[in-house]
Amino acid sequence: MTMSPRVSVIMANFNGARYLGGAIHSLMSQTMSSWELFFVDDASTDGSVGLVRDVTKGDRRVNIIPLSENRGPGGARNQALNAVHGEWVAIFDSDDLMDPRRLELLLDRAARDRAAIVADNLLLFSETAPKPRPYLRSGPSDAPRWIGLADLIESNCLYSRTPDLGYLKPMIKTELIARLSLRYDEQLRIGEDYYFLASLLANGQRLRVEPTALYLYRKHEGSISHRMDAAHIRALIDADGRFCNRVTLNHRERRSLERRRQSLETLLAYDGVVRAIKQGSPARGAGLAMRNPRIWPLLTRPITARLKRVRQALGTL
């Protein structure tokens, strides 16, 4: 009789062949071997499926699910959720890497703190950055802590003092996902991770954050999470409305959600200003900016970033 694995790793992939080999190798190098992988290929055209077959060399823990049409990351992850066997579900993106100890240490953290949802700090890296850096750099990264729904929402607002906690990659009790009949919102191409985690926390759960950076998060131009336009922002505003209608929120959570809605509307106004300027209508862009003073810090940010790089080059930072 075959025992169920401790962890079901789900990986959605669309044309990720460039980084896919490294991601798979980092999973296969885990110190904890009781895992299965559900690799869902979202109708790639770059040979991703063949690459995974070559890299995994028939490893029976690896399950490949090729989709005939592109459904987006949420749809691909839902396909995996319908098939998992493990006690836990771990989210892993096809362009990222994992420390060899990651799954083992997350299981240990969950056991010690009796957590049904656990995540670790991220280590941000790229081909252009001089060296990797932790995502949670102060306060939350000093010691393990619990994250509630209001904390998550507030981190997802403009000008938040806390980095966006929706970027963390959680490991979740499979039984909890099944009990809540929870799935990713397939209407979203950006932000689906945030809403999935928010839906878990809205049902009385809390996220336990391990301070060690064990998940290596790759920043690169092709990452879908860094390309947001007006259509994406409107989709997020609509998703906030659906979320608010299906969950029960306390006063702090509702206040946080209202602040997030204002943040999304500010981003939409900022997108309008930028598009007006690019289309050769600076006067229209200026009018939009005057009517939306909350976007002014966003308009000055590129200048601030350039000045910071100059000061760094001059050795004044």
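Right, let's walk through the structure included here.

Cut-offs used in this document
- Residues numbered from 1 in each chain as written.
- Predicted model: local features only at pLDDT ≥ 70, side-chain atom pairs only at ≥ 80, totals over all residues.
- Heavy atoms only, no water.
- Salt bridge = Lys/Arg side-chain N within 4 Å of Asp/Glu carboxyl O.
- Helix = DSSP H or I, 4+ residues; strand = E, 2+ residues; numbered from the N terminus.
- Buried < 20%, exposed > 50% of the residue type's maximum accessible area, 1.4 Å probe, protein only.
- Phe/Tyr/Trp six-rings, centres within 6.5 Å; stacked < 30°, edge-to-face > 60°.
- Lys NZ or Arg CZ within 6 Å of the ring centre and 35° of its normal.

1. Some words on the pattern of salt bridges
Part 1 of the reasoning: One pass over the structure, following the stated rule, counts 24 salt bridges.
Part 2 of the reasoning: R77 is paired through a salt bridge with D193; the nearest N and O atoms lie 3.1 Å apart. On the criterion of sequence distance, the pair formed by R77 in helix α3 (residues 72-81) and D193 in helix α7 (residues 192-201) is long-range, its members being 116 residues apart. Of the two residues, R77 and D193, both sit in the buried class.
Part 3 of the reasoning: Of the charged contacts in the structure, one is a salt bridge between E265 and R261, with a shortest N-O distance of 2.3 Å.

2. Focus: the packing of aromatic side chains
Part 1 of the reasoning: Taken as a whole, this structure holds 6 aromatic pairs when the rule is applied.
Part 2 of the reasoning: Ring centres of Y194 and Y195 lie 4.8 Å apart, and the angle between their planes is 80°; this geometry places the pair in the edge-to-face category. The two residues Y194 and Y195 agree in class, both being buried.
Part 3 of the reasoning: In this structure an aromatic cluster arises from ring pairing among Y135, Y167 and Y217.
Part 4 of the reasoning: Across the ring face of Y184, the terminal group of R77 is positioned such that the distance to the ring centre comes to 5.3 Å.

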